[in-house]
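The chain contents come next:
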Amino acid sequence: MANEGHATTKPDENPILWVTRPMATAARQFTKSLWRPSTIVYPYERLEDPGFRSKVGVASGVPIGVGPIWDNYRGVHALNIATCISCNLCAFSCPDLCIEMVTVPGGDPKHPKKCPEIDYGKCSYCGFCSDACPEGCLTMTTRYELSTPKRSEMVYSPEKLQQVFQHKLPMNPIRIELPKNEDSILLDPPLCIGCNACARDCPTQCITMLDIPKPDPRPGEKTPRRIWKEPVVNDSDCVRCGTCISVCPKECLFWGAPK
Amino acid sequence: MATLTLYSVAYDIARGLLGVLGSVLPAGARAVVLSGDAVTGLAVLVFAAVLLAASMLNTILLIWWERKLLGRFMDRRGAMHVGYAGLLQNFADGLKLFRKHTFPPREADGLGFYFGPTAYMVTSLAIFGILPISSGWNSGALPLSLLLALTIFSFAPLFIFVSAWSSNNKYSLMGGLRSAAQMIAYEVPLLLAVVAVVVLAGSFDLTTIVYEQRNYWFWGPLFLALIVFVAAMLAEMERIPFDLPEAEAELVEGWNTEYGGMLFAFFMLADYLRALVGSILVVLLFLGGWTLPSWVPAGLSSFPLAGILWFMVKTYAVFGLFVWVRASLPRVRTDQLLRVGWNRMIPLALLSVFLAAAVVTVRCVPVLGCVPSMGA
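Since the model is a prediction, treat every value here as computed from it, not as a measurement.

**Looking at the overall build of chain A**
(1) Moving on: The helix and strand inventory of chain A stands at 7 helices and 9 strands.
(2) Moving on: Within the span of chain A, comprising 259 residues, buried residues form 20% of the whole.
(3) Moving on: Expressed as a percentage of contacts within chain A between residues at least 6 apart in sequence, the contacts between residues at least 24 apart total 72%.

Next comes the structure, spelled out in structure tokens:
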């Protein structure tokens, strides 16, 4: 028998059924979708459109199997440039390295204001950046229409992300409020050379360099220390971005429990 | 009122065109242009042009019809963006294919490579010169028009095989072999089913066959032959479930693997032309052609061009049946295909021939009525 090994057909079944049964199924499907197939005519109908939802008979907010845009949908980012503190945490947290901090007007020459520029060609929409943002100025929105004929247009400048924010699209930005890092920035005083890098780069400017008395020379020190200053972190203003730790040339700043 | 026929329309168009041409010519040339021979000659050309345009337009509409129906069978919509309900989508596709370059494979046989699709297309078009569309809308009374149509229809395996062979590609060749085997296997039951119709109608002329169905359509007494004819026609058209030579899901398009651009469009169009011919033949042989049953109100069939309208409705409905089969059934295997063709179809077709002979012998069918030309 040619069909041996195939369990799909029952030998005692009338072969006529092999023809009539699928045809009946197809006819049933045909009559069901004759008036309105299940497909959503996307550019003309949108799931989130209330008119469309009333047409297919679903109250807004109630998910139908192919429901509305869910509240926790992660689409294009929205950026509020005004509240951005240029802390770089979004770029730090990005697993795809698609965020680059670019200068935007509004900062002073000593502290240029830098805001995220996102390359959606690389972005995986994980949302870590908006979770990491201490000020809540970078959020994911439910906007999903990104298609463009050019790759260069996939890179959204801060201004473009600001426009998404200004559109006030009918979408609910979600953001997981991460528990604030209990640790503080601590200093290992003997290593510090008082270079001011941490205070210069702190986005919230919560680090001030305070004068200290002339310290004792470190063991094996050839030239005596010339700058008698040490950073002091204002713990309530700190957003725990870690910029100071990463810029410290002597690795004398570290995380630790405050005393 | 003289009946409107295709030839009279073509003749009037030709006379009008030549009249316009003659009015701007000097008197000597005008006499030549307006002579009967010139008008008749141009009328034949116009006749052919009208047939060509009608067949191509219907073919493209048929593709649209299949796409829309298949969409509904699959719970989607089919083409819908270009033109109203996607009517112009296939024209756009054709235009795209028309603009494409055709690359013959290296060491392909150039003559066969170009001759195959062209001949396939031309023979498929030629059948339309034979099929009557309505009373008067045909190319004259051909006593053996059914035989001629089926003869041209059966040329196809040759051209498919030629183009598959000259593609210089083993997949094309295998597809061509399968196609030829399939078409030959189903040629016999197809013709036997037609024999049943011919026995009942007593003629090979398609117009006469339709005329003989004025008491009852032949699908009643010859239901068996109808089933055999439709199944064999599906195999001849290489449509699902008998599309193994092409098998788009698992093979590389079978015998037209190496074809692109307009040559591929030729194959595509010719396939649908043959599907159209198949549907038309089913309508002509079994469903009463352009006539309506006698219990239908006369108003439905007495307005001008009603015959063509009902003919088109029936043709598209029959093609809808083919689409329904395509949406339902999976593809069969080669051995199943050939076994069904030789072992099942031929006995069934022979049985239907005997049935037709029995009907002719007793002259009348209990419920339906009598065979008209032999009528009691």
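**Points about the overall build of chain B**
(1) Moving on: Along its length, chain B carries 13 helices and 2 strands.
(2) Moving on: Whereas a compact globule of 376 residues would reach a radius of gyration of roughly 21 Å, chain B reaches 22 Å, a difference of no more than 12%.
(3) Moving on: Taken along its principal axes, the extent of the C-alpha atoms in chain B is 65 × 60 × 40 Å.
(4) Moving on: In chain B, which comprises 376 residues, the share counted as buried stands at 41%.
(5) Moving on: For chain B, restricting intrachain contacts to residue pairs at least 6 apart in sequence, the fraction spanning at least 24 positions comes to 78%.

**Considerations on the confidence of the model for chain A**
(1) Moving on: Looking at chain A, the pLDDT average stands at 80 and 84% of residues meet or exceed 70.
(2) Moving on: When mean pLDDT is compared element by element in chain A, strand β5 (residues 155-156) of chain A scores highest at 94, while helix α2 (residues 50-55) of chain A scores lowest at 72.

**Section: helix α12 (residues 306-328) of chain B**
(1) Moving on: With 23 residues, α12 of chain B extends 33 Å from end C-alpha to end C-alpha; this agrees with the ideal 33 Å at 1.5 Å per step.
(2) Moving on: Residues Gly 307, Trp 310, Phe 311, Lys 314, Thr 315, Val 318, Phe 319, Phe 322, Val 323, Val 325, Ala 327 and Ser 328 of chain B constitute the buried set of α12 of chain B.
(3) Moving on: Tucked inside the fold, the buried residues of α12 of chain B contact α1 (15-32) of chain A together with α3 (36-73), α10 (223-236) and α11 (261-286) of chain B.

**Section: the domain arrangement of chain A**
Residue and element names in this part refer to chain A.
(1) Moving on: Along its sequence, chain A is carved into domain 1 (77-167) and domain 2 (184-256).
(2) Moving on: For domain 1 and domain 2, the distance between their C-alpha centres works out to 30 Å.
(3) Moving on: Counting from both sides, the interface comprises 6 residues of domain 1 and, opposite them, 5 residues of domain 2.
(4) Moving on: Each residue belonging to the side of domain 1 that touches domain 2 can be placed in one class, and the counts come to 4 nonpolar, 2 polar and no charged.

**Considerations on the interface of chain B and chain A**
(1) Moving on: Taken together, the contacts link 10 residues of chain B with 12 residues of chain A.
(2) Moving on: Going through the elements one at a time, α3 and α12 of chain B are the ones with two or more residues in the side of chain B that touches chain A.
(3) Moving on: Broken down by element, the side of chain B that touches chain A gets its largest block of residues, 3 residues, from α12 of chain B.
(4) Moving on: When its residues are assigned to classes, the side of chain B that touches chain A shows 4 nonpolar, 1 polar and 5 charged.

**Some thoughts on the packing of α3 of chain B against α11 of chain B**
Residues and elements named next belong to chain B.
(1) Moving on: Where α3 meets α11, the axes come as close as 9 Å, and the angle between the chain directions of the two elements is 95°. Compared by their axis directions, α3 and α11 come out roughly perpendicular. For the pair formed by α3 and α11, the contact residues are Ser 55, Asn 58, Thr 59, Leu 62 and Ile 63 on the first element and Leu 269, Tyr 272, Leu 273, Ala 275 and Leu 276 on the second.
(2) Moving on: Looking at the contact of α3 with α11 residue by residue, the classes come out as 7 nonpolar, 3 polar and no charged.

**Remarks on the sheet that holds β5 of chain A**
Residues and elements named next belong to chain A.
(1) Moving on: Overall, antiparallel pairing links the 3 strands, which are arranged β2-β3-β5 in an open sheet. Edge positions in the sheet fall to β2 (99-104) and β5, since each of these pairs with one other strand and no more.
(2) Moving on: As paired strands, strand β3 (residues 113-119) and β5 are joined by 2 bridges and run antiparallel to one another. Bridge pairing in β5 links Ile 118 to Tyr 156.
(3) Moving on: Here helix α5 (residues 158-167) sits on the sheet and contacts β2, β3 and β5; the angle it forms with β3, its principal contact strand, is near 80°.

**Looking at the environment of Gly 127 of chain A**
All names here are of chain A.
(1) Moving on: Relative to the helices and strands, Gly 127 is located in the loop between β3 and α4 (128-132).
(2) Moving on: Along the backbone, Gly 127 and Thr 139 are 12 residues apart, and their C-alpha atoms lie at a distance of 8.0 Å.
(3) Moving on: Those residues in contact with Gly 127, other than ones at most four positions away along the chain, are Arg 74 and Met 140.

**Regarding the domain arrangement of chain B**
Residue and element names in this part refer to chain B.
(1) Moving on: Here chain B is partitioned into domain 1 (1-52) and domain 2 (100-370).
(2) Moving on: Once you take the C-alpha centre of each, domain 1 and domain 2 turn out to be 34 Å apart.
(3) Moving on: Residue-level contacts link 6 residues of domain 1 with 7 residues of domain 2.
(4) Moving on: In the side of domain 1 that touches domain 2, the residues fall into 4 nonpolar, 2 polar and no charged.

**Examining the environment of Leu 329 of chain B**
(1) Moving on: Inspection of the secondary structure puts Leu 329 of chain B in the loop between α12 and α13 (334-362).
(2) Moving on: Between the C-alpha atom of Leu 329 of chain B and that of Leu 351 of chain B, which follows or precedes it by 22 residues, the distance is 26 Å.
(3) Moving on: Leu 329 of chain B has contacts with Val 19 and Pro 22 of chain A together with Ile 240 and Pro 241 of chain B, leaving out every residue within four places of it along the chain.

**Digging into the nonpolar core**
(1) Moving on: Core analysis: the largest hydrophobic core is formed by 100 residues, its most contacted members being Ala 193, Val 197 and Ala 232 of chain B.
(2) Moving on: A total of 19 residues in this core trace back to one element, the largest contributor, which is α11 of chain B.
(3) Moving on: When residues of this core are sorted by domain, at least three fall in each of domain 1 (1-52) and domain 2 (100-370) of chain B.
(4) Moving on: When near neighbours in sequence (up to four residues on either side) are disregarded, Ala 193 of chain B contacts Ala 225, Val 228, Phe 229, Ala 232, Ala 349 and Ser 352 of chain B.
(5) Moving on: Among the nonpolar cores identified, the runner-up in size contains 21 residues, and Cys 98, Ile 99, Cys 133 and Tyr 156 of chain A belong to it.

**With respect to helix α1 (residues 6-23) of chain B**
Residues and elements named next belong to chain B.
(1) Moving on: Over its 18 residues, α1 extends 26 Å from the first C-alpha to the last, a length consistent with the 26 Å expected when each residue adds 1.5 Å.
(2) Moving on: Those residues of α1 lying buried are Leu 6, Ala 10, Ala 14 and Leu 18. Seen end-on, α1 carries its buried residues on one side only, within an arc spanning 85°. Residues Gly 16, Val 20 and Ser 23 are exposed on α1 and point more than 90 degrees away from its buried face.

**Focus on the packing of α10 of chain B against α13 of chain B**
Residues and elements named next belong to chain B.
(1) Moving on: Interaxial distance between α10 and α13 falls to 8 Å at its minimum, and their mutual angle equals 145°. Crossing of α10 against α13: the hand is left-handed. Here Leu 224, Ala 225, Val 228, Ala 231, Ala 232 and Ala 235 of α10 come into contact with α13, specifically with Gly 341, Met 345, Leu 348, Ala 349, Leu 351, Ser 352 and Leu 355.
(2) Moving on: Here the contact of α10 with α13 is composed, by residue class, of 11 nonpolar, 2 polar and no charged.

**Re the environment of Arg 240 of chain A**
(1) Moving on: Mapping Arg 240 of chain A onto the fold places it in the loop between β8 (229-233) and α7 (243-247).
(2) Moving on: As for Arg 240 of chain A and Pro 134 of chain A, which are separated by 106 residues in sequence, their C-alpha atoms are 8.5 Å apart.

**Concerning the confidence of the model for chain B**
Residues and elements named next belong to chain B.
(1) Moving on: Looking at chain B as a whole, the pLDDT averages 86, with 95% of positions reaching at least 70.
(2) Moving on: Element-level mean pLDDT values for chain B span from 69 in strand β2 (residues 369-370) up to 93 in α12.
(3) Moving on: With a pTM of 0.77, the predicted complex shows an ipTM of 0.81.

**Quick look at unusual backbone geometry**
All names here are of chain B.
(1) Moving on: The amide bond that connects Ile 240 to the next residue, Pro 241, takes the cis arrangement and shows omega of 10°.
(2) Moving on: If you trace the backbone, Pro 241 turns up in the loop between α10 and α11.
(3) Moving on: Phi is positive for Asp 75, which is not a glycine, with a value near 60°.
(4) Moving on: Locating Asp 75 in the fold gives a position in the loop between α3 and α4 (89-98).
(5) Moving on: If you check the backbone angles, Asn 168 has positive phi at about 60° while not being a glycine.
(6) Moving on: Mapping Asn 168 onto the fold places it in the loop between α7 (156-166) and α8 (170-201).

Conventions we followed
- Residues numbered from 1 in each chain as written.
- Chains lettered and ligands numbered in written order.
- Predicted model: local features only at pLDDT ≥ 70, side-chain atom pairs only at ≥ 80, totals over all residues.
- Helix = DSSP H or I, 4+ residues; strand = E, 2+ residues; numbered from the N terminus.
- Buried ≥ 20, exposed ≤ 12 C-beta atoms within 10 Å, placed from the backbone.
- Contact = placed C-beta atoms within 7 Å.
- Rg over C-alpha atoms; globule rule 2.2 N^0.38 Å.
- pLDDT = per-residue confidence, 0-100.
- Expected span 1.5 Å × (residues − 1).
- Domains from an automatic or database assignment.
- Nonpolar A, V, L, I, M, F, W, Y, C, P; charged D, E, K, R; others polar.
- Axes fitted to C-alpha atoms, helices over the stretch in contact; angles between N-to-C directions.
- Parallel < 35°, antiparallel > 145°, perpendicular 65-115°, else oblique.
- Pairing = 2+ DSSP bridges.
- Core = buried A, V, L, I, M, F, W, Y, C linked by C-beta atoms within 7 Å.
- Arc of directions from axis to C-beta.
- Left-handed = near helix turned anticlockwise from the far one by under 90°.

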